[in-house]
Amino acid sequence: MPKLDFRHAIRDALDEELARDDRVVFFGEDVAAPGGVFATTAGLRDRHGDGRVFDTPISELALSGAAFGSAVCGLRPVIEIMFGDFLPLAMDSLVNQAAKFFYLSNEQASVPLVVRSAVGAGGRFGAIHSQNPIGWFLNVAGLKIVAPSTPTDAKALLKAAIRDDNPVLFLEHKRLYGLKEDVDGPIDAGSIGSAAIRRRGDDVTLVSVMKGVHDCLQAADLLAEVGIEAEVIDLRTLRPWDRDTVMTSATRTGCLAVVDEASTTGGWPGEVLAAAVETMGGALHHGWRIAAPDHPIPYSPLLEDAFLPSPDRIAAEVVSRLRAGS
């Protein structure tokens, strides 16, 4: 059975969508001739031509402005903001223009654009190249947020994002680019807003996205050694997110831990837990966040590892909560 790695899943999705729809264009800093700083887009310019795949000046605001303008004029642009830390430089075009245009136009015009960006810590990139920007965009109505954890989902959801008529922020965790997965047959567009249950369990529900899903799966193995069976849910998309799958699982287990590598304050785990409290009330016996401190991400390998929620920490917190409540 052939294997697909995460970075090639991204490239293949772009390649197939460029071939399928001549309205799709792809541009960004160093994405064409160099093939991307993380080697995700090599060969696309040669295959589709420099009129549809091209490099741009170093200006995130110019990139996002050009994407917005081309989208409202009939194209379906995909742009790359090299690091998610630089997304604030594109904030106006995304938040005040693209996300609101459908509403401001009285539903007369959509903005089918995709912003790809590499995010995440653990790679020793330092405080301003390691952040996870989900919390910055979570309350922006009109903007979808996709955060896959596997190569198959990366390809399927990127294809879905490109076909979507709304602006989509597509986040790729840097530590997942080398992840490989067996594939069996072609991968078509996925479903934005649908979670996946990666492991079944009856004692605790663990919810995460991107690399956090793999940390939760490792934690679930550790928990199984002490007789605790964890259900692991991969949200895959964070706006919209799959409330039904999370609530069904948490109602059964009565225990919900939401895992995120970003800072605790203002993150998406708080939204998931608030929804659980509103939906479940007293049926939620334990509900808490497992996230990073409210502190810039350290560069030191030892400090960065301690900063992030590891599988050992996730498992230890679950054991502590369940045993304290027994």
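Residues numbered from 1 in each chain as written. Predicted model: local features only at pLDDT ≥ 70, side-chain atom pairs only at ≥ 80, totals over all residues. Heavy atoms only, no water.

Asker: Explain the sheet that holds strand S7 (residues 168-173) to me, please; I cannot follow it from the model alone.
Answerer: The strands making up a sheet associate through hydrogen bonds between their backbones, and the pairing can be parallel or antiparallel. Overall, mixed pairing links the 7 strands, which are arranged S3-S2-S4-S5-S7-S6-S12 in an open sheet. Of all strands in the sheet, those with a lone pairing partner are strand S3 (53-55) and strand S12 (237-239), marking the two edges. This sheet shows a mean twist of 20° between the axes of neighbouring strands, independent of strand direction. Examined bridge by bridge, strand S2 (residues 24-28) and strand S4 (residues 76-83) share 5 bridges and lie parallel to one another. Residue Val24 lies in a different strand from S4, and its bridge partner there is Arg76. Against the sheet, helix H7 (residues 151-163) makes contact with S2, S4, strand S5 (114-119), strand S6 (144-146) and S7, and its axis sits at roughly 160° relative to S7, the strand it touches most. (Pairing = 2+ DSSP bridges. Helix = DSSP H or I, 4+ residues; strand = E, 2+ residues; numbered from the N terminus. Axes fitted to C-alpha atoms, helices over the stretch in contact; angles between N-to-C directions. Contact = heavy atoms within 4.5 Å.)

Asker: What is the right way to look at the pairing of S5 in this model?
Answerer: Looking down a regular strand, the side chains alternate between one sheet face and the other. Counting buried positions along S5 yields 6 of 6 residues, so the element is predominantly enclosed. Here S5 shows two buried faces, one formed by Val114, Arg116 and Ala118 and the other by Val115, Ser117 and Val119. Direction of pairing for S4 relative to S5: parallel, over a ladder of 5 bridges. Residue pairing in the sheet places Glu80 in a bridge with Arg116 of S5. Both S5 and S7 contribute to a ladder of 6 bridges, which runs parallel. (Buried < 20%, exposed > 50% of the residue type's maximum accessible area, 1.4 Å probe, protein only.)

Asker: Got a minute to help me understand empty space enclosed by the protein in this structure?
Answerer: Where empty space is left in the structure can be found by rolling a water-sized probe over the atoms. Within this structure, the stated rule accounts for 1 cavity of 30 Å³ or more. Taken as a whole, the largest cavity holds about 50 Å³ of empty space. Together, Val37, Phe38, Thr40, Glu80, Ile81, Met82, Arg116, Ser117, Ala118, Glu172 and Tyr177 line the largest cavity. Here the residues of the lining of the largest cavity sort into 6 nonpolar, 2 polar and 3 charged. (1 Å grid on protein atoms, 1.4 Å probe; cavity = no way out; pocket = protein on both sides within 12 Å on 5 of 7 lines; lining within 4 Å. Points joined across faces, edges and corners; volume = space filled by probe spheres on them. Nonpolar A, V, L, I, M, F, W, Y, C, P; charged D, E, K, R; others polar.)

Asker: Would you mind showing me how to read the packing of aromatic side chains here?
Answerer: Think of a pair of aromatic rings as described by two things: how far the centres are apart, and how the planes are tilted against each other in angle. Taken as a whole, this structure holds 8 aromatic pairs when the rule is applied. A ring pair is formed by Phe83 and Phe86, whose centres lie 5.8 Å apart and whose planes are at 70°; its orientation type is edge-to-face. Relative accessible area serves as the criterion here: at 8%, Phe83 is assigned to the buried category. In textbook terms, an aromatic cluster arises when at least three aromatic residues are bridged by ring pairs, as seen for Phe6, Phe38, Phe83, Phe86, Phe125 and Tyr177. Over the ring of Phe125 we find Lys174; its NZ or CZ atom is 5.3 Å from the centre of that ring. (Phe/Tyr/Trp six-rings, centres within 6.5 Å; stacked < 30°, edge-to-face > 60°. Lys NZ or Arg CZ within 6 Å of the ring centre and 35° of its normal.)

Asker: Help me understand the layout of surface pockets in this model?
Answerer: Taken as a whole, the largest pocket spans an internal volume of roughly 270 Å³. For the largest pocket, the lining is made up of 20 residues, of which Gln131, Asn132, Trp136, Ala262 and Ser263 are closest to its centre. Those elements that place two or more of their residues in the lining of the largest pocket are helix H6 (134-137) and strand S13 (255-263). In terms of residue count, the dominant contributor to the lining of the largest pocket is S13 (4 residues). When its residues are assigned to classes, the lining of the largest pocket shows 9 nonpolar, 9 polar and 2 charged. Put simply, the second largest pocket is a space of about 220 Å³. Surrounding the second largest pocket, 19 residues form its lining, Lys211, Asp215, Glu261, Leu308 and Pro309 being those nearest its centre.

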